[in-house]
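# Residue-level structural notes
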Amino acid sequence: MTVFFIGAGPGAADLITVRGRDLLARCPVCLYPGSLTPPDLLTHCPPGARCVDTAGLSLEEIAGELVAADRAGHDVARLCSGDPSIYSAVAEQTRRLDAAGVAYQVVPGVPAFAAAAAELGRELTVPTVGQSLVITRVRARSTAMPPGEELAAFAATGTTLALHLAINRVEQVVGELLPHYGAGCPVAVVHLASQPGQRILRGTLGEIARQVREAGISRAAIIFVGRVLAAGNFPDSYLYSAARDRSAKIRDND
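Because the structure is predicted, anything quoted here is derived from the model rather than measured.

### Some words on the pattern of salt bridges
Applying the stated criterion across every chain yields a total of 7 salt bridges. A salt bridge links Arg-71 to Asp-70; the shortest N-O distance between them is 3.2 Å. Among the salt bridges present, the one from Arg-213 reaches Glu-171, with a minimum N-O distance of 2.9 Å. Taken together, the residues Arg-213 in helix α7 (residues 208–215) and Glu-171 in helix α6 (residues 170–181) connect sequence positions 42 residues apart. For Arg-213, a relative accessible area of 37% translates into the label partly exposed. Here Glu-171 falls in the partly exposed class, since its relative accessible area comes to 41%.

Structure, rendered in structure tokens:
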């Protein structure tokens, strides 16, 4: 049988992919993160499905549930918030499934940073302003950051940042970024992107910590930092330029 790691999206039940929804509807066992999964999403599970909230389970207990379901001949839908490719603990789980000889597939989902950018109505790559995006976090009570991945190292490039799991360290974030971006750099915070209760804060690096504390935001938020957030006077991209020779064959590096 197969364990399907399904990206459940950023929160809104209708932001799961069609593939993810259809797999959820056919699996008799579903493991889901209770604090992050909208109840409406579980209505896609088949009647009589065994739904297990993993919020209170250890990694070993979760792996045990997956292996036991496989041994019983059941396909499993393992829901992951956002997209499984980042901050999902999929690597730890698949390592254990490999050891147990359990087959699995990964189904992508809408990542939280993409949903947050959509709510802002902003493109994160703007011609001549910013063409790169760094998705990262800061150290809190979580796993240590690898050498070379300190926030200041990324900030030195001046690129656009999307910070996960950092809202409770917003003063630390501001302190590390100020020398590189300056107090006037545009910043946006999206809390509960696509979900009921969503809130958006817009400001500058010099004032965002105060705004976050006054708003009482302490979880489930993405912090964006970069000039693309306020870019307005920039040239059109070459891809759609009227001066571009459209008779030429399009290449990947065009």
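Once you've had a look at it, read on.
### Considerations on helix α4 (residues 112–120)
Taken together, the buried positions of α4 are occupied by Phe-113, Ala-115, Ala-116, Ala-117 and Leu-120. Residues of α4 that are buried sit in contact with β6 (133–137), β7 (160–164), β8 (186–191), β9 (199–204) and β10 (221–225). Downstream of α4 by one or two residues, Gly-121 has phi in the positive range, about 70°.

### Concerning the environment of Val-170
Counting through the fold element by element, Val-170 comes out in helix α6. Of the residues examined, Val-170 reaches a relative accessible area of 2% and is grouped as buried. Taking the C-alpha atoms as reference points, Val-170 and Val-106, 64 residues apart in sequence, are found 33 Å from one another.

### A closer look at the packing of α6 against α7
Where α6 meets α7, the axes come as close as 9 Å, and the angle between the chain directions of the two elements is 175°. One element, α6, and the other, α7, form an angle in the roughly antiparallel class. Contacts from Val-170, Glu-171 and Val-174 in α6 reach Ile-208, Ala-209, Val-212 and Arg-213 in α7. The residue inventory of the contact of α6 with α7, partitioned by class, reads 5 nonpolar, no polar and 2 charged.

### Quick look at the environment of Arg-50
If you trace the backbone, Arg-50 turns up in strand β3 (residues 50–53). Arg-50 gets classed as partly exposed once you look at its relative accessible area, which sits at 45%. C-alpha of Arg-50 to C-alpha of Val-29: the two residues are 21 residues apart in sequence and 4.8 Å apart in space. Arg-50 has contacts with Pro-28, Val-29, Cys-30 and Glu-65, leaving out every residue within four places of it along the chain. A distance of 2.7 Å separates the side chain of Arg-50 from the side chain of Glu-65, its partner in a polar contact.

### Considerations on the packing of aromatic side chains
Throughout the structure, instances matching the rule amount to 1 aromatic pair. Judged by centre distance (6.2 Å) and plane angle (80°), the rings of Phe-5 and Tyr-104 are edge-to-face. Here Phe-5 is found in strand β1 (residues 2–7), whereas its partner Tyr-104 is found in strand β5 (residues 103–107), with 99 residues between them in sequence. The partly exposed category is assigned to Tyr-104, whose relative accessible area is 30%.

### A few points about the domain arrangement of the protein chain
Segmenting the protein chain into domains produces domain 1 (3–107) and domain 2 (112–230). Listed as interface residues are 9 residues of domain 1 and, on the opposing side, 11 residues of domain 2. Around 660 Å² of area is buried between domain 1 and domain 2 when both sides are counted, 66% of it from carbon and sulfur atoms. Considering only the surface of domain 1 that becomes buried against domain 2, Pro-10, Ile-86 and Tyr-87 emerge as the three largest contributors, covering 70% of it. Where domain 1 packs against domain 2, one counts 0 salt bridges. There are 2 residue pairs in polar contact (both at pLDDT 80 or more) connecting domain 1 and domain 2. Broken down by class, the residue content of the side of domain 1 that touches domain 2 amounts to 6 nonpolar, 3 polar and no charged.

Parameters at a glance
- Residues numbered from 1 in each chain as written.
- Predicted model: local features only at pLDDT ≥ 70, side-chain atom pairs only at ≥ 80, totals over all residues.
- Heavy atoms only, no water.
- Salt bridge = Lys/Arg side-chain N within 4 Å of Asp/Glu carboxyl O.
- Helix = DSSP H or I, 4+ residues; strand = E, 2+ residues; numbered from the N terminus.
- Buried < 20%, exposed > 50% of the residue type's maximum accessible area, 1.4 Å probe, protein only.
- Contact = heavy atoms within 4.5 Å.
- Axes fitted to C-alpha atoms, helices over the stretch in contact; angles between N-to-C directions.
- Parallel < 35°, antiparallel > 145°, perpendicular 65-115°, else oblique.
- Nonpolar A, V, L, I, M, F, W, Y, C, P; charged D, E, K, R; others polar.
- Polar contact = N/O pair within 3.5 Å; in protein donor to acceptor, adjacent residues only side chain to side chain.
- Phe/Tyr/Trp six-rings, centres within 6.5 Å; stacked < 30°, edge-to-face > 60°.
- Domains from an automatic or database assignment.
- Buried area = accessible area lost by both parts, 1.4 Å probe.

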